[in-house]
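Residue strings, one per chain:
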Amino acid sequence: MVLSIENQNKLDEFWAYCVKNQYFNIGYPESADFDYTILNRFMRFSINNCGDWGEYCNYLLNSFDFEKEVMEYFADLFKIPFEDSWGYVTNGGTESNMFGCYLGRELFPDGTLYYSKDTHYSVAKIVKLLRIKSQLVESLPNGEIDYDDLIIKIKNDGEKHPIIFANIGTTVRGATDDINKIQNMINDLGIKREDYYIHADAALSGMILPFVDEPQAYNFADGIDSIGVSGHKMIGSPIPCGIVVAKKRNVDAISVEIDYISAHDKTITGSRNGHTPLMMWCAVKSHSHEDFKRRINRSLDLAQHAVQRLQSAGINAWCNKNSITVVFPCPSEAVWKKHCLATSGGQAHLITTAHHLDASKVDALIDDVIKDARGEMIAA
């Protein structure tokens, strides 16, 4: 591959830009403390994981063996026997969530999908793409679903087969919906557990809760039917990706045989990136449970440090249980643009992902937020 001097220079400039901004994302949940250089040699190959990693595929250049081991890891992490589970490495949280909603719709074609106002924006797209009936549910001030409003809407709809979209760490406030409370309240409606579906969007917190001492309910043992977690968030990856895990008996109902590849396809996208399963494999094989636990505890401690510093300065900052998302009143545009913060509804947040090995960037942001609240000038 030969480029002109002009185009080489353009690439070099972009490289310098990436190096400068590698750790910019204090307002977004990507971890940047990864190193996959061991996989550089595989970039010369067109690795395509089309179809089911558990079956023969006529496209031989795939990473199915590695993907299977990734799925074994996440089945164990999310408390479901591997032989009773099926899932795959997706393109990201949106595809993982679509897969879960798709399963729910296929099991209950006339069911209504219930999701809260704090749910990730992609779910509104999923509703349109799947043409699934839906109801938007109110949220509590901390970002959890409004459980009473959920039950009222299920009752008013006369819905016998609700499909529940539960958040395990909301995008803006890091809130985790109470899976046990949802199941108990639906049971009080007289709806049996086998007559409704729960998908858990654990994009960020799916790699936090398994490693804390007192996790909220989030896994299959707690009653979910499927779960999605992002690979580029707490784990870290140069390519956005995700993992979805579901009950095998539900997935088997949507399997389609494709003669072109001599295999069954249960996935949303068909042809899939074969490189991200290699990355996820390297990540889980190079970190022990204790490694992840230490990494996550450091992130949680840093979040509490941020809350305490902001509160000490009189700023109304807070954090949900087992969350690394610190919420505070939205500062001026000069501050949120300088620090690349995500803002919504008069609030902003910072996220203490794992590449923050010390408090320097968090403290620099907090210093500016405090100065801004006092009406002081913010340096560019």
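Please read these numbers as outputs of a predicted model, since none were measured by experiment.

Parameters and conventions
Residues numbered from 1 in each chain as written. Predicted model: local features only at pLDDT ≥ 70, side-chain atom pairs only at ≥ 80, totals over all residues. Heavy atoms only, no water. Phe/Tyr/Trp six-rings, centres within 6.5 Å; stacked < 30°, edge-to-face > 60°. Helix = DSSP H or I, 4+ residues; strand = E, 2+ residues; numbered from the N terminus. Buried < 20%, exposed > 50% of the residue type's maximum accessible area, 1.4 Å probe, protein only. Lys NZ or Arg CZ within 6 Å of the ring centre and 35° of its normal. Pairing = 2+ DSSP bridges. Contact = heavy atoms within 4.5 Å. Axes fitted to C-alpha atoms, helices over the stretch in contact; angles between N-to-C directions.

Brief notes about the packing of aromatic side chains
Here is step 1: Scanning the entire structure with this criterion turns up 12 aromatic pairs.
Here is step 2: A ring pair is formed by Tyr 73 and Phe 74, whose centres lie 5.1 Å apart and whose planes are at 85 degrees; its orientation type is edge-to-face.
Here is step 3: Ring geometry for Tyr 88 versus Phe 99: centroids 5.4 Å apart, planes at 85 degrees, classification edge-to-face. Here Tyr 88 is found in strand S1 (residues 85–90), whereas its partner Phe 99 is found in helix H3 (residues 93–107), with 11 residues between them in sequence. This pair shows no difference in class: Tyr 88 is buried, exactly as Phe 99 is.
Here is step 4: An aromatic cluster is present here, built from Trp 53, Phe 82, Trp 86, Tyr 88 and Phe 99 joined pairwise through their rings.
Here is step 5: The ring of Trp 86 has Lys 266 sitting right over it, with the charged end atom 5.3 Å from the ring centre.

Some remarks on the sheet that holds strand S12 (residues 342–344)
Working definition: the strands of a sheet are paired by backbone hydrogen bonds and lie parallel or antiparallel to each other.
Here is step 1: Taken together, 4 strands build an open sheet; the order of strands is S10-S11-S13-S12 and the sheet is antiparallel. Edge positions in the open sheet fall to strand S10 (318–319) and S12, since each of these has one partner strand only.
Here is step 2: Bridging between S12 and strand S13 (residues 347–351) involves 3 bridges; their strand directions are antiparallel. Paired with Ser 344 across the two strands is Gln 347, which belongs to S13.
Here is step 3: The strands touched by helix H9 (residues 289–312) within the sheet are S10, strand S11 (325–329) and S13, with S11 carrying the most contacts at an inclination of about 20 degrees.

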